[in-house]
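A look at the structure
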Amino acid sequence: MNKTHEVVEMLKAVAEPGYTLKMEHFGVSSGKALGVRTPEIRGIARKLKKDHDLSLSLWDTGIHEARMLATMIGDPKLITREQMENWLSQAYSWDLCDGACFNLFHRTDEAWALPYEWVEAEHEFTKRAGFALMAKLALGNKDVKDQVYVDFLDIIPGYAQDERDMVKKAVSWAVRQIGKRRLSLNPYAIGTAEVLAASENKGARWAGKDALRELRSNAVQTRLRKKAGAPGFVA
């Protein structure tokens, strides 16, 4: 039994066939899924550790959970741009796209440049990945200057004219995540959201309004001001 087959058998051993119905609700075809919950996949990933060759082989099985596992054990130092874009071209669900960005792609040397290219893509999940990466890069990375995120915000309106569900939700996500990063970025994100909300494009307009609801909320404003040590609160 080769390693890939062995790992697939590990996934099958913890699969819950009935869980595929819930996965279908979120856009994952039961014909591609075994019915394995994410914590179980992460548990297997911890046992396997980084193994890039195995990662590529698992992706090639076409099994949803094997592909998700591939994003967890892939090596960011070894995965190429071609491989990343090939994976995205084959993505068919938001969790696979976001999993690749959050588990692997954001750790690559090219991570900060990729959003600028991927937001131009026609393919739904490649374009989503551009915005999802922005959202992920807005988490942590404490030493990164605000201007890096302002630059992201500046390009978003030009590529947000997309009514596809998976894209417009990712647009809002990127704007919200940057705007919640710190108080100094919040006005820039609100400004971007206002531009989107005024758009004639339904997708951009939805994303802008969705982002504004959270960015202007008392909960977000209070948290940001407290984190920044700012006195008082202005609604």
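Below: a short report on this structure.

Quick notes on the rules
Residues numbered from 1 in each chain as written. Predicted model: local features only at pLDDT ≥ 70, side-chain atom pairs only at ≥ 80, totals over all residues. Heavy atoms only, no water. Disulfide = S-S within 2.5 Å. Core = buried A, V, L, I, M, F, W, Y, C linked by side-chain atoms within 4.5 Å. Buried < 20%, exposed > 50% of the residue type's maximum accessible area, 1.4 Å probe, protein only. Helix = DSSP H or I, 4+ residues; strand = E, 2+ residues; numbered from the N terminus. Expected span 1.5 Å × (residues − 1). Arc of directions from axis to C-beta. Contact = heavy atoms within 4.5 Å. Salt bridge = Lys/Arg side-chain N within 4 Å of Asp/Glu carboxyl O. Phe/Tyr/Trp six-rings, centres within 6.5 Å; stacked < 30°, edge-to-face > 60°. Lys NZ or Arg CZ within 6 Å of the ring centre and 35° of its normal. Polar contact = N/O pair within 3.5 Å; in protein donor to acceptor, adjacent residues only side chain to side chain.

A closer look at the state of the cysteines
- If you walk through the whole model with that rule in mind, you get 0 disulfides.
- This cysteine, Cys97, is not joined by any disulfide, and Cys101 carries the nearest cysteine sulfur, 4.8 Å off.

Let's talk about the nonpolar core
- Membership of the largest hydrophobic core comes to 43 residues, with the highest contact counts inside it found for Leu58, Leu69, Phe105 and Trp118.
- Broken down by element, the residue count for this core peaks at 6 residues, all from helix 5 (residues 64–73).
- Formed by 31 residues, the second largest nonpolar core is a distinct cluster that contains Phe131, Ala160, Ile178 and Leu196.

A word on helix 12 (residues 186–197)
- The end-to-end C-alpha distance of helix 12, which contains 12 residues, comes to 16 Å, matching closely the 16 Å that a straight helix rising 1.5 Å per residue would cover.
- Turning to helix 12, its buried residues are Asn186, Ala189, Ile190, Thr192, Ala193, Leu196 and Ala197. Down the axis of helix 12, the buried side of the element spans an arc of 160 degrees, and every buried residue falls inside it.
- Summarising the contacts, the buried residues of helix 12 are in contact with helix 10 (146–159), helix 11 (165–179), helix 13 (202–215) and helix 14 (218–228).

Section: the environment of Asp109
- Here Asp109 shows up in the loop between helix 7 (94–103) and helix 8 (114–118).
- Between the alpha carbons of Asp109 and Lys77 there is a distance of 7.6 Å; along the sequence they are 32 residues apart.

Brief notes about the pattern of salt bridges
- Applying the stated criterion across every chain yields a total of 16 salt bridges.
- In this structure, Arg216 and Glu194 form a salt bridge, with 2.4 Å as the shortest nitrogen-oxygen distance. Here the residue Arg216 occupies a position in the loop between helix 13 and helix 14, and Glu194 occupies one in helix 12, the gap between them amounting to 22 residues.
- Of the residues examined, Arg216 reaches a relative accessible area of 43% and is grouped as partly exposed.

Topic: the packing of aromatic side chains
- With the rule as written, the count across this model stands at 8 aromatic pairs.
- With a centroid separation of 4.5 Å and an interplanar angle of 5 degrees, the aromatic rings of Trp59 and Trp87 are classed as stacked. Placement of the pair is Trp59 in helix 4 (residues 52–60) and Trp87 in helix 6 (residues 81–89), with a sequence separation of 28 residues. The same class applies to Trp59 as to Trp87, namely buried.
- A connected cluster of aromatic rings, assembled from ring pairs, spans Trp59, Trp87, Phe105 and Trp118.
- A cation sits over an aromatic face here: Lys32 above Tyr92, 3.9 Å from the ring centre.
- One cation-aromatic arrangement involves Lys168 over Trp206; the distance from NZ or CZ to the ring centre is 5.0 Å.

Quick notes on the side chain of His52
- Its place among the elements puts His52 in helix 4.
- With relative accessibility at 8%, the residue His52 sits in the buried group.
- Reaching out from His52, the side chain makes a polar contact with the side chain of Gln83 at a distance of 3.4 Å.
- The residues contacting His52, other than those within four sequence positions of it, are Ile73, Gly74, Asp75, Leu78, Ile79 and Gln83.

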